[in-house]
Structures are given as C-alpha cells and as structure tokens.
Amino acid sequence: MAQKKIKRASTRTARERKRILKRAETRFAERAWQERLAWLRRPRLHTAMFEKVVRDEEIIGQGGAIITNDDPAQKVEAVAKEIGWSDWRLDIFSQVV
C-alpha cells in the first residue's frame, strides 16, 4: 500500500506557504461575510416597546388603569409570534429588558 508523502512545514516552499495562507484567508473572509449577512437578516426589536408593556403591567398591578386604544402587550405578542418566539422566551426577554 503506497503512502502519501506529507510535506512538513519546514520543507514547504515560500510559494506553497503563501498559497495555503491565501486559501485560508479566502475561507475566513467568506465565512465572516456569511456570518455578517446572517446577523443583518435577524429581526431588530426596539426595547422601548417591551419597557412600555412592563410599565403598563406595573400600573395595572398597583390598581391603575390604562386608557389607550392601542395595547402594547398585544403588539409585543404579535411581534414575538411573527419571529417565532415561544411564550417562555418572550417572558425571559421582557424580564431582561
């Protein structure tokens, strides 16, 4: 059975090392670009919407009433369902915000 001869780093020529580094740099740049695109595709949520819900819940908890037609809690739940969040994840995120 013939074995492949593996060149050690010390026996590689400068041209081979440069080619290897160029390929690695290209792969790294491509992966970084793909990760950046994935990051930019993520939904962006403004935390003020969550803060308003928490503030309204505190007012209601103290016996107050909210006199507005638009319910921010419904908006938050709608956004959470749109991006596929579970109720648990929404609760955790609301606590953090």
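What follows concerns the overall build of the chain. Secondary structure assignment for the chain yields four helices and zero strands. Secondary structure of the chain in N-to-C order comes out as α-α-α-α. Residues classed as buried in the chain amount to 9% of the 97 residues present. Partitioning the contacts of the chain with sequence separation of at least 6, the portion at a separation of at least 24 is 50%. For the chain, the exposed surface amounts to about 9100 Å²; the carbon and sulfur share of it is 55%.

Turning to a positive patch on the surface, a few remarks are in order. A cluster of basic side chains, namely Arg12, Arg17, Arg19, Arg23 and Arg27, defines a positive patch on the protein surface. When you line up the elements, Arg27 lands in helix H1 (residues 14-41).

In this structure, Phe50, Val53, Val76, Ala80, Trp85 and Leu90 together form the largest nonpolar core, which totals six residues. The set of elements that each furnish at least two residues to this core consists of helix H2 (47-61) and helix H3 (72-82). Residues in contact with Leu90, not counting those within four places in the same chain, are Phe50, Val76, Glu77, Ala80 and Trp85.

Per the stated rule, a full pass over the model turns up one salt bridge. With a closest N to O distance of 3.0 Å, Glu35 and Arg31 form a salt bridge. Of the two residues, Glu35 and Arg31 both sit in helix H1, four residues apart, roughly one turn of that helix. With a relative accessible area of 45%, Glu35 lands in the partly exposed category.

Quick look at a nonpolar patch on the surface now. A surface patch of nonpolar side chains, amounting to about 370 Å² of accessible area, comprises Trp88, Ile92 and Val96. As for its placement among the helices and strands, Val96 is situated in helix H4 (residues 87-96). Using a relative accessible area of 69% as the deciding quantity, one classes Val96 as exposed.

Calculation rules
Every chain begins its residue count from 1, and numbering advances along the sequence as written. Totals for whole chains, interfaces and linings use every residue, but because this is a predicted model, local features are given only for residues with pLDDT of at least 70 and side-chain atom pairs only at 80 or more, for both listing and counting. Excluded from the side-chain calculations are hydrogens and water; all other atoms, namely the structure's heavy atoms, are used. Comment: elements are numbered from the N terminus, with helices defined as DSSP H or I runs of at least four residues and strands as E runs of at least two. Exposure classes here rest on a 1.4 Å probe applied to the protein chains alone. A residue is buried below 20% of its type maximum, exposed above 50%, and partly exposed in between. When checking whether two residues touch, look at their non-hydrogen atoms; a contact exists if any pair is within 4.5 Å. Areas reported as accessible are Shrake-Rupley estimates using a 1.4 Å probe. Residue values count occlusion only from the protein chains shown. In this analysis, a patch consists of residues with relative accessible area above 30% that form no salt bridge, clustered at 9 Å for like charges and at 5 Å for the nonpolar side chains Val, Leu, Ile, Met, Phe, Trp and Tyr. Any Lys or Arg side-chain nitrogen located within 4 Å of an Asp or Glu carboxyl oxygen qualifies as a salt bridge. His is not counted, nor are the chain ends, whereas Lys and Arg count as positive and Asp and Glu as negative. For this purpose, a charge sits on NZ of Lys, CZ of Arg, CG of Asp or CD of Glu. As used in this record, nonpolar core signifies buried Ala, Val, Leu, Ile, Met, Phe, Trp, Tyr and Cys residues forming a set joined through side-chain atoms within 4.5 Å.

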